[in-house]
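So the chains spell out like this:
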Amino acid sequence: MHLDVFGLGNALVDALVVMDERPLIQRHALTRGTMHLVNHARWEEVYSEVDRSQVELHPGGSCANAVSTAALLGGKASFCGLLGDDELGRVYRDKLEGVLGRSHVVSRDEVQTGKCLSLISSDDAERTMLTDLGGTTGLLTDDLDMDAIESASWLHITGYLFTGGSVGDAAIAAMDRALHAGTRVSLDVGDTFVIDHFRDEIATVVRRYADAVFLNEEEASRLIGGGDAALALHEVGKWADTVVVKLGRRGSLIRHHGTIYPVEAHEVKAIDTTGAGDAYAGGFLYGLTRGWPVVHCGRLASAVAAMTVGQVGGVIRDRERLQELIPTVAPPG
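So, how was this worked out
- Residues numbered from 1 in each chain as written.
- Predicted model: local features only at pLDDT ≥ 70, side-chain atom pairs only at ≥ 80, totals over all residues.
- Heavy atoms only, no water.
- Salt bridge = Lys/Arg side-chain N within 4 Å of Asp/Glu carboxyl O.
- Helix = DSSP H or I, 4+ residues; strand = E, 2+ residues; numbered from the N terminus.
- Pairing = 2+ DSSP bridges.
- Axes fitted to C-alpha atoms, helices over the stretch in contact; angles between N-to-C directions.
- Core = buried A, V, L, I, M, F, W, Y, C linked by side-chain atoms within 4.5 Å.
- Buried < 20%, exposed > 50% of the residue type's maximum accessible area, 1.4 Å probe, protein only.
- Contact = heavy atoms within 4.5 Å.
- Lys, Arg positive; Asp, Glu negative; His and termini not counted.
- Expected span 1.5 Å × (residues − 1).
- Phe/Tyr/Trp six-rings, centres within 6.5 Å; stacked < 30°, edge-to-face > 60°.
- Lys NZ or Arg CZ within 6 Å of the ring centre and 35° of its normal.
- Right-handed = clockwise from strand over helix to strand, strands pointing away.

Enquirer: Give me the lowdown on the pattern of salt bridges, citing residues and values where you can.
Expert: If you walk through the whole model with that rule in mind, you get 16 salt bridges. The residue D4 makes a salt bridge to R290 at a minimum N-O spacing of 3.0 Å. Here the residue D4 occupies a position in strand β1 (residues 3–8), and R290 occupies one in the loop between α10 (276–289) and α11 (294–309), the gap between them amounting to 286 residues. Three or more residues joined by partner-sharing salt bridges are found here, namely E21, R32 and D124.

Written as structure tokens, this is what we have:
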């Protein structure tokens, strides 16, 4: 079966809670607005202080959010990640396949399903994340369905795959197969944490494989060693055909084959910024798979991201509402 997008990423159960998070952040010496990689014990330590009745659980991880968005817009998408053969893993698979209709997730007895706690500020919607990868980094090259990757128009990955474990090697093997088959590769860097600790690995992936790259302004600056969005577009544009730098409320900038296209943001009251970048990538990829000009891809991406910020959770699960956006931003004809 032909796929529009095949996603390869860390399968994480998202635990989302809106709260006055600053006292909790202070007590646990967390850095507000960033992602923290933690072990299971540390995750449980912080989670134990959260009001469980206010927590929402969803199948997540940056890549899964993006491909789910592409599918909910009407694309054909699948996702591969590693789950534990446990209760959280079974919930994850069932809910994900309810969105995608199919998946390539792998379950193993000996691993624990990964999870991400998002502390969402009730004041300004900023999110601080604690991620316990569990067994997700143990995905092997043999776990991949290479035929599905070859059948896809796009292979979408995230920078989190290169933070450790065999999943990084699996990602390289997937991109090698994609390159051989003519499947295009998109990379969402994911977080400043990734750039700060794995900059060389990310730069190599962009140079060697990526056709499209998604970054926010800070990630873009750090990837090139300093500078503003315009400089980052110029420099990263030497490595990839399409580079997107997201500027938050100031919209986004897209460089495509040397030409820069600005895209305005949509005004929205922010409730939860979790997954806004993932939603942007999913909307953009949907447009690319339809052959849209990149500026129209950006307009759809921006609209979907704004819709996502206006709710709790990283995926808009209302298919009808999402698909009503498409004719408002699609190219004429």
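Enquirer: Break down the sheet that holds strand β5 (residues 77–80) for me, citing the residues and quoting the values.
Expert: Hydrogen bonds between backbone groups are what pair the strands of a sheet, and the pairing can be parallel or antiparallel. Sheet architecture is open: 8 strands sit in the order β5-β1-β10-β11-β12-β13-β14-β15, paired in mixed fashion. Lying at the two open borders of the sheet, with one neighbouring strand each, are β5 and β15 (259–263). Each strand of the sheet is rotated relative to its neighbour by a mean of 15°, with strand direction disregarded. Taken together, the 5 bridges between β1 and strand β10 (residues 152–158) define a ladder with parallel strand orientation. Bridging from a neighbouring strand, V5 pairs with W154 of β10.

Enquirer: I'd love a proper account of the nonpolar core, names of residues and values included.
Expert: Core analysis: the largest hydrophobic core is formed by 57 residues, its most contacted members being L8, L155, I157 and I202. Excluding residues that lie within four positions of it along the chain, I202 makes contacts with G159, F162, L187, V189, V194, I195 and L223. Listed in part, the 48 residues of the second largest apolar core include Y92, F214, A303 and L325.

Enquirer: Report on the side chain of E219, specifying residues and quantitative values.
Expert: Topologically, E219 is positioned in helix α8 (residues 217–223). Summary of buried charges: E219 has no salt-bridge partner, and the nearest side chain of opposite charge, K246, is 5.3 Å away. Ignoring any residue separated from it by four or fewer positions in sequence, one finds E219 in contact with V189, G190, D191, T192 and I195.

Enquirer: So, α10: which residues are in play, and what are the values?
Expert: An α-helix turns once every 3.6 residues. As a result, residues three or four positions apart point the same way. Its 14 residues place the ends of α10 20 Å apart at the C-alpha level, agreeing with the 20 Å of an ideal helix rising 1.5 Å per residue. Taking burial as the measure, the 14 residues of α10 include 13 buried ones, the bulk of the element. Within two residues after α10, G291 carries a phi angle of roughly 75°, on the positive side.

Enquirer: So what about unusual backbone geometry? Which residues, and what values?
Expert: Non-glycine residue A29 carries a positive phi angle of around 55°. Along the chain, A29 turns up in the loop between α1 (22–27) and β3 (35–37). For A29, a relative accessible area of 69% translates into the label exposed. In this model, A125 sits at a positive phi of 70°, which is unusual for a non-glycine residue. Tracing the backbone shows A125 in the loop between β8 (114–121) and β9 (127–132). By relative accessible area, which is 1% here, A125 ends up buried.

Enquirer: Residue-level account of the packing of aromatic side chains, with values.
Expert: Enumeration over the complete set of coordinates arrives at 6 aromatic pairs. Note on F214 and F284: the rings are 5.5 Å apart at their centroids and 85° apart in plane angle, and the pair reads as edge-to-face. With F214 in strand β12 (residues 212–216) and F284 in helix α10, the pair connects residues that are 70 residues apart, well separated along the chain. Side by side, F214 and F284 carry an identical accessibility label, which is buried. On the basis of an interplanar angle of 90° and a centroid distance of 6.1 Å, the ring pair of Y286 and W292 is categorised as edge-to-face. Each residue in the set F214, Y280 and F284 is aromatic and connected to the rest through ring pairs, giving one cluster. Directly above the ring of W43 sits K115, whose terminal nitrogen or CZ lies 5.2 Å from the centroid. Across the ring face of W239, the terminal group of R207 is positioned such that the distance to the ring centre comes to 4.1 Å.

Enquirer: Give a description of the pairing of strand β11 (residues 184–188) that names residues and reports values.
Expert: Within β11, 4 of the 5 residues are buried, leaving the element largely enclosed by the surrounding structure. Running through helix α6 (residues 167–181), the crossover from β10 to the neighbouring parallel element β11 is right-handed. Of the pairings in the sheet, the one linking β11 to β12 comprises 3 bridges and is parallel in character. Residue L187 lies in a different strand from β12, and its bridge partner there is V213. One crossover worth recording links β11 to the parallel β12 by way of helix α7 (residues 192–208), and it is right-handed.

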